[in-house]
Every structure is written in structure tokens, then in C-alpha cells.
Amino acid sequence: MEVVHESANSTQAILDLLLELDWYDWDPELYYHRLLEVALSLIPEATHGTVSIKNPERWYFVASIGYSLDQLLNLKLNSNWFKCQQSSVTEITSILDCMNEATPEDIVKNASAIFGTVQKTLIGTYLIDQGEQIILSIDITRNKTQHFSASSKRTFEAFVKLAGKYQSLTQQKIALQNINESLIYSYEEISALQEKIRQLLSISQQFGDSTVRLPVFFNRLLLVLLRLVDQADYGSIAFIKGENLTFISSFGHHIQAILSKKMKKQWFLLEEEKHIIELPNIHTLWQAKMPAEVYKVIKKSFQPVKSTILFTIPVDEKITILFMLDIAEGKPTNFTPLARRMCLSFAELARGFVRIRIHTEIMKRAYYNFSSKLAKVVEQYDPETGQHNTRVSILSGYLARKINLPRKKVEEIISFAGLHDVGKIFIDPVLLKKTGKLSKEEFDLIKKHTVYSSQLLEGPFFEVARNIAMYHHERWDGKGYPFGLREHQIPIEAQITALADVYDALRSSRIYKEAYDREKALSIIFHGDERNLSGQFNPQLLEILKNNIDEIEKLVYRPELL
């Protein structure tokens, strides 16, 4: 039981040390001193200890307990004098045993004066990158027991590993700090640097929003880059796919005439193998490479410039994005080496966001394409739903815009409203096409199409579609199905689609009825009929329908949609 207790104490002490990393602000001297304190408190035989580091240049002490750190540092040890190369924990007479025969006599004498009272030493080394070793030693001095127990050796081994891991982390932190400092000292003013860092940190929030349309996304991308590169007056972004190049965004230029038009990649790029290049007066290059009629349009679209930086971001095997930053003609400023480094750093940072954004867009289109095909399946299964689904989508989108839903939500409602009855593909088509009155049992079966829809519309992308299909038969007054939800318990996309579905069903012919004109359809929706439609819909949506009925009729009931 005592062994278990000691092991638990050791484990807890090591966990506490890990938690204390930030307390010492990553100061190795303070942290290693604390590590020695804890190690000595858990290893009863030892009273003294040291932590030293050996690299190809030198061997020096960084912490000690029981010895003067200044005296240890004054030893000025050479790394070639150290001979304890093994990485395992070893019990020796004292750290003097680690000094080889090449150690000068005066150094050995001074070391003996420091470690002369030591009877036994546990020493452990941990090899770090680039030939560096962390060396941890604890000592038994006179008037103490003369050997370390097996339990103490195991505990000590854990502390050697902890010291080594800490040193590895410290090296990584120092490397990161050096990179950061190289950026910091490249700026002329600290305040300007802080602003740029703040802007860089904000990029992830701006670029991570998948609701932002691609043109807006790239406009933001370009504006951030222009703020980071102070010298640039203008900028533009183009897609390169195969041999074609298409401009998609600009600042300061007037590219409306060429926006989204395909042009030859070779007209704009000089050296494809270079990721970044600076060119003076790029118009001269363009004029030489482009057909005269093309350059005439380009000259009108792009401002005269003194100098241009071009760099690319490969998105995948097919798509590359070209960024162009320009200094206006006649300006005394020039692009600095820092500006070019900022462009490269920006390219690395933006690469991931651009890839995710482009691939998200591709995936979204694939999902929309799938939903469109799924709607076609529903139409084949229940022919009456054909153009009905299209009209429901258009009317639902109109109502969603009028109620001021976010643009992304409106797009999803338009895309998915046509799937409101997708669950019917699980219902017997004979029952769906029955012309006579349905029995209670038959109607209960048909009502299940709402819950069946969840079997097809799984995953977060289809959340809006699933809400529409599941809840479009719920009623504002709580008398609907399948769950009897009421008012704002019903998702807004389902409320909208429900109204659009019923209005178009009333305006359309069915196997059991003729199409109603709009006056009768509105009367039934607002005042009810034998099916008791009164109270079924959100009053705000009803107001929008009533106040905009002329526009709705022109939009939804065009000849091609009938």
C-alpha cells in the first residue's frame, strides 16, 4: 500500500508541475528549480540536485539546490568533457564521474570542492534535437543512506523525462519567438505591426463564415491584403483554371467590363514557376503579350501603375488564384522586402481558407444538385407535384425575403421547399392517387410522409430541408401534425412553405378538384372552408401574402410554370 501511495504522490506532483508551466512564464531557471524541489521532496534519500544542459558548444548548469549556481556556472565546462552519454538513469558516485580525462585539472579541482560531500548520485540524461541533452542529477550527501531505492529511481526517471519534455517545448517556443521577433523587428513602427497582427487575427473570423457569398468573400480577402501591404494602392484577384484566367474582384480598378470573362492565362503571367514576382509598369508587358483589341479593353479597365506584385495560391490541381497588388503611377513609394514577405505569409494563411471556401461552395452545389434530382424523383412518383414544387419554391423564397430572413436562409428555402413532400415516396402510390375520400386509417398513413422524410434528409446540410419536410403540416393554432406544434415552435422555413404549399394547391387543379381563382384561394386561407384552414398560418405571413398578391401572381403563375 505504501508503494501505491508513493506512486500516486509522484503522479500528482508531476501533474502539478505540468500545470505550473505558465506560472513561471516559461522561465527555465525558475521552472527547473521548482522541478528539483518537487523531485527532492519525493525522493527521501537525496538532499541536493542540479539541472544542466549540454549541447555541441558548451555544458552549463541552469538550476541547483544545495549548491551555489554562480559557482557551478564559473566552472565553465566544455561539452567535450562530458562522458555520461547513456539516456537511462544511472547511479554513480558523483557528477565528477561524468567528467572524462580531457577535463583540465583545475576544473576537476573546483568541481571537487563543490561536490566533495556527495556519496551517491542519480543522474539521468534526455536527448533533445540537434545534439542537446538535458541532465538531471540528485545527490546523497554525508550522514545519509548510501543508496537509492528502486522506487526512488523510478520516480527520478519520470522527472528526467519531464525535464526533457519541458526543454523540448522551450526550444520550440524559442523557435516560434524567434520567428515572431523577426517579423516584429521588420516593421518600422510597433503600432503599425500591432494593427497588422490584429487584422491577421481577424481573418479567421471573416473567412470562416460560409454564409458569405464568394464575390463578397474575395472582396474581403483583397481588402485585408491591401491593409497589410501599405504601399499598394490598387489590387485585383483572378481565378486561373487550365489555360484560362478570370478576374473576380478588384479595388481601385474598373474591371466591370472584364469581370467574369475568360481570358488567356499567358497574357498575364510572366514566369509561372515563381509564386511571387514584382514587375515595373505591367501595362508594358500586357501590351506586348495581348492582342491589340484585348489590350484596349484591359487598358481601360486597369489604372496606370508604377509597380505590381503578382503571387499565386494553388487551391487544388485545377484551380489557382492570382493576386495582384499595384502602386499607382507617379507615387514615390516602392514595395519593401517586408511587403513581399507579407504577401507570402498572407498566401500561406489564406490558402487554407480559400480551399475550404471553394470546396464548401462545390459541396454546397453538389447538395443542391442532389436535392433538385430528389425533387424530380418525387415528381415522377406523384405527377401532381411537378410544377407545384417549382411554384412552392418560388413563392416560399418570395415570402422569406419579405419577412427579412438572412440571405443564406432564403437560398436554402428556395432550394429545399420543393422537397416538402419527399416523404411521399415511402407511401403507396395507389393511395396517393386515390380519387375518393380517404378513410381515417388511409389518411393516417399519408400523414406519415412527414416523419419518413427524415430518413432521406440526414445531416446538418439538410437541416432546413428536414424542417420543411417534417413540419410543413404543423399549424399556427397547434392543430397540425405530426407533433401538434404551435406558433414559433414551428421552424420559420416550415411556416413559410406551409402557406406557399396550401396557396398553390388551392390555385392548382387536382384529381379531386379544379383550380381556384386567387380570390377564392385567399378567401379559403383567410376565412376557412370545410377543412377549417382558418388559424392555420402565421398572421405576419398572411399579411405579406395579402398585400403583395398582385406581384406574387405575376411571379409564380407565369405561363411557363403552369
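Computed from a prediction, not measured in an experiment: that's the story for all the values here. (Residues numbered from 1 in each chain as written. Predicted model: local features only at pLDDT ≥ 70, side-chain atom pairs only at ≥ 80, totals over all residues. Heavy atoms only, no water.)

Draft legend 1. Representation of the overall build of the protein within the structure. Summing up its helical and strand segments, the protein has 20 helices and eleven strands in all. Counting across all 562 residues of the protein, residues that qualify as buried make up 46%. Residue pairs at least 24 apart in sequence account for 62% of intrachain contacts in the protein once pairs closer than 6 positions are excluded. When the accessible surface of the protein is totalled, it reaches about 28,900 Å², and 53% of it is carbon and sulfur. (Helix = DSSP H or I, 4+ residues; strand = E, 2+ residues; numbered from the N terminus. Buried < 20%, exposed > 50% of the residue type's maximum accessible area, 1.4 Å probe, protein only. Contact = heavy atoms within 4.5 Å. Areas by Shrake-Rupley, 256 points an atom, 1.4 Å probe, with all protein chains shown as cover.)

Draft legend 2. Representation of the sheet that holds strand 1 (residues 48-54) in the model. Taken in spatial order, the five strands of this open sheet run 2-1-5-4-3, and their pairing is antiparallel. Each edge of the open sheet is held by one strand with a lone partner, namely strand 2 (59-65) and strand 3 (90-92). Here the average twist between neighbouring strands, direction ignored, is 25°. Note: strand 1 against strand 2, six bridges, orientation antiparallel. (Pairing = 2+ DSSP bridges. Axes fitted to C-alpha atoms, helices over the stretch in contact; angles between N-to-C directions.)

Draft legend 3. Geometry of the nonpolar core. Counting 40 residues, the largest nonpolar core has Phe 416, Leu 457, Leu 499, Tyr 503, Ile 525 and Leu 545 as its most contacted members. Put simply, the parts of the chain that give this core at least two residues each are helix 11 (386-402), helix 12 (407-416), helix 16 (463-471), helix 17 (492-507), helix 18 (518-527), helix 19 (539-547) and helix 20 (549-556). Broken down by element, the residue count for this core peaks at seven residues, all from helix 17. Leaving out residues up to four positions away in the same chain, Leu 545 has contacts with Leu 499, Tyr 503, Leu 522, Ile 525 and Ile 552. (Core = buried A, V, L, I, M, F, W, Y, C linked by side-chain atoms within 4.5 Å.)

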